Amino acid sequence: MASGRLLATVTCTAPVNIAVIKYWGKRDEELILPINSSLSVTLHQDQLKTTTTAAISKDFTEDRVWLNGQEEDVGQPRLQACLREIRRLARKRRSTVDGDLLPLSLSYKVHVASVNNFPTAAGLASSAAGYACLAYTLARVYGVEDDLSEVARRGSGSACRSLYGGFVEWQMGEQADGKDSVARQVAPELHWPQLRILVLVVSAEKKPTGSTVGMQTSVETSPLLKFRAESVVPARMREMLSCIQARDFQGFAELTMKDSNQFHATCLDTFPPISYLNDISRKIMQLVHHFNAYHRQTKVAYTFDAGPNAVIFTLEDTMAEFVAAVRHSFPPETNGDKFLKGLQVTPVLLSEELKAALATEPTPGGVQYIIATQVGPGPQILDDPHVHLLGPDGLPKPAA
C-alpha cells in the first residue's frame, strides 16, 4: 500500500486504575452493568500505562488488532462491542452535524495496535487501561466527543474508570439501558499530592480464574456478594468519598483494606470457591498490619484485585521505611538493583525494634519487584508521529 494513504492515525495512552471500593458482579452481562458502584485511584502513566495507535484507511480490507506485538482475534465480542459503539456514536454525531452526509471514513476498516508497559492479565488491571485506551483512541480517530464511559465499559467494566485521572467513581446507575452507568472524577490528580502507591508484584503469571467467569459465578452463588452490594457498599462509597475529600489517610486506608478483604471473602463464599490470594499475598497483609501496629497508627494499606499482587497505599513520608520492610521480609533473590522500579525511593535502614515487630520469617524472592508510583492523570494524546505503533502501511512497526 502506498505510504500516506492512511486517512487518520492517532496514538493515545491511558492509565491503570486501582479500585479502593471494589466492583465485583454484573447485573447485565452484555451491557456490563455492575451490581454496585465502585471507586478507584488512577495510577501515574510514567510507571503504568497502555499505549494504543488506531488508523483508518480505505485500503484496509478488515478490522485488525495487535496486542503487545501479537495479532488478536478481532471477533472477540467485547472488542466488537467497543467498535460498534464508537461507530454508532460517530454516525449519530455526523448525521446531526452534517445533515445526511456521512463521510466514507465510517465504512473504512480500522487497524489497532496496543502495548502495555507492565504484565498483561496478571491482576494489574491491564484490561481496564487497554479498553479505556481503545475507546479514547477510537473516539479521536472517528471524531466522537461524547462521554466514553459506555464504550470503555463494553470492553471491560472497570475501564470506564481509567477515562479520568485522580479519584474516580463508577456510578452503578439504575436504568436498564445503562445510560446512567458512568464514570466521573470525584477529585483531581493533584488533590492529594502526598499519596503514594506501591505495586508489589508477586506473580506475573496469568491468573487461574479470569474476572469475567469468577464474577458470574459469584453473582449466581454468593449470598454474601448480594448483601455486600445492597447493604454495605452504598455507605462505604459515601465514607470513602469523604475520606478522600478530607485527605484523611487513616480513614481511607482502613476502609480500603476492609473492602479488599470483603471482596476476597465474597470470592471464598462463591461456590465452588475462588481464591485469588496466595501465601505471599497473606504474608504481605500480615506485614502491613504488623507495621501499622508498631507505629500505633495506620500508615500503610493494602488492596488486592483478582490476583495475588498487592497494591499498597501510603504517604510520601512513610514510603522509604515500608519499602525497607518489604525488602527485609522478601529479600530479593537476584535482582537487588532492579527490585524497585518507578519513583526514586531513598534507601533507609530498619530499626531493630521494627524488624522484631515485623515478626516474619523472611521469604526470599516472594515479591518479584516493586513499582513505586503516585496518583496520575487520565488518557493523553501523543502528538509525535514517531510514537505511532503502526507504520505508514497500517501494520505494526518492527520492535525497536
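A few points on the structure. (Residues numbered from 1 in each chain as written. Predicted model: local features only at pLDDT ≥ 70, side-chain atom pairs only at ≥ 80, totals over all residues. Heavy atoms only, no water.)

1. With respect to the nonpolar core
Step number 1: Ranked by internal contacts, the top residues of the largest apolar core, which has 68 residues, are F252, I284, I312 and F313.
Step number 2: Considering every element that reaches this core, the biggest residue donor is helix α8 (residues 316-329), with seven residues.
Step number 3: Among the nonpolar cores identified, the runner-up in size contains 33 residues, and V112, A139, V141 and Y142 belong to it. (Core = buried A, V, L, I, M, F, W, Y, C linked by side-chain atoms within 4.5 Å. Buried < 20%, exposed > 50% of the residue type's maximum accessible area, 1.4 Å probe, protein only. Helix = DSSP H or I, 4+ residues; strand = E, 2+ residues; numbered from the N terminus.)

2. Structural notes on the packing of helix α5 (residues 223-245) against helix α6 (residues 249-269)
Step number 1: Viewed as axis vectors pointing N to C, α5 and α6 meet at an angle of 165 degrees, and their least axial separation amounts to 11 Å. Taken together, the axes of α5 and α6 lie roughly antiparallel to each other. The crossing of α5 and α6 is left-handed. Residues P223, L224, L225, R228, V232, R236, E239, M240, C243 and I244 of α5 pack against G251, F252, L255, T256, K258, D259, Q262, A265, T266 and D269 of α6.
Step number 2: Of the residues contributing to the contact of α5 with α6, the split by class is ten nonpolar, four polar and six charged. (Axes fitted to C-alpha atoms, helices over the stretch in contact; angles between N-to-C directions. Parallel < 35°, antiparallel > 145°, perpendicular 65-115°, else oblique. Left-handed = near helix turned anticlockwise from the far one by under 90°. Contact = heavy atoms within 4.5 Å. Nonpolar A, V, L, I, M, F, W, Y, C, P; charged D, E, K, R; others polar.)

3. Details of unusual backbone geometry
Most peptide bonds are trans, and most residues other than glycine sit at a negative phi.
Step number 1: That bond from F271 to P272 is cis: its omega, -5 degrees, falls within 30 degrees of zero.
Step number 2: Looking at where P272 falls in the secondary structure, it is placed in the loop between α6 and α7 (279-295).
Step number 3: Its identity as a non-glycine residue notwithstanding, I32 has a phi of 55 degrees, on the positive side.
Step number 4: With respect to the helices and strands, I32 occurs in the loop between β3 (26-28) and β4 (33-34).
Step number 5: Look at R296: it is not a glycine, yet its phi comes out positive at around 60 degrees.

4. Observations regarding the side chain of N116
Step number 1: The topology assignment puts N116 in strand β9 (residues 109-116).
Step number 2: In this structure N116 comes out as buried when scored by relative accessible area, which is 14%.
Step number 3: Among the polar contacts listed, one links the side chain of N116 to the side chain of T50, at a separation of 2.7 Å.
Step number 4: Look past the residues within four positions of N116 in its chain and what remains in contact with it is K49, T50, N68 and S126. (Polar contact = N/O pair within 3.5 Å; in protein donor to acceptor, adjacent residues only side chain to side chain.)

5. Notes on the sheet that holds β9
Step number 1: As summarised here, the arrangement of the six strands in space is β8-β7-β9-β6-β1-β17, forming an open sheet in which the pairing is mixed. The strands lining the two open edges of the sheet, one partner per strand, are β8 (70-72) and β17 (380-382). Neighbour-to-neighbour, the strand axes of this sheet turn through a mean angle of 25 degrees, independent of strand direction.
Step number 2: With three bridges connecting them, strand β7 (residues 64-67) and β8 associate as antiparallel partners. Residue W66 lies in a different strand from β8, and its bridge partner there is E71. (Pairing = 2+ DSSP bridges.)

6. Things to note about the pairing of strand β16 (residues 369-374)
Step number 1: Counting buried positions over the six residues of β16 gives five, a clear majority of the element.
Step number 2: By the bridge criterion, six bridges tie strand β12 (residues 195-201) to β16 in an arrangement that is antiparallel. By the bridge assignment, L200 is partnered in β16 with I370.
Step number 3: Across three bridges, strand β15 (residues 340-342) lies against β16 in parallel orientation. Following the sheet pairing, L340 is matched in β16 by I370.
Step number 4: The parallel pair β15 and β16 is bridged by helix α9 (residues 352-358), and the resulting crossover is left-handed. (Right-handed = clockwise from strand over helix to strand, strands pointing away.)

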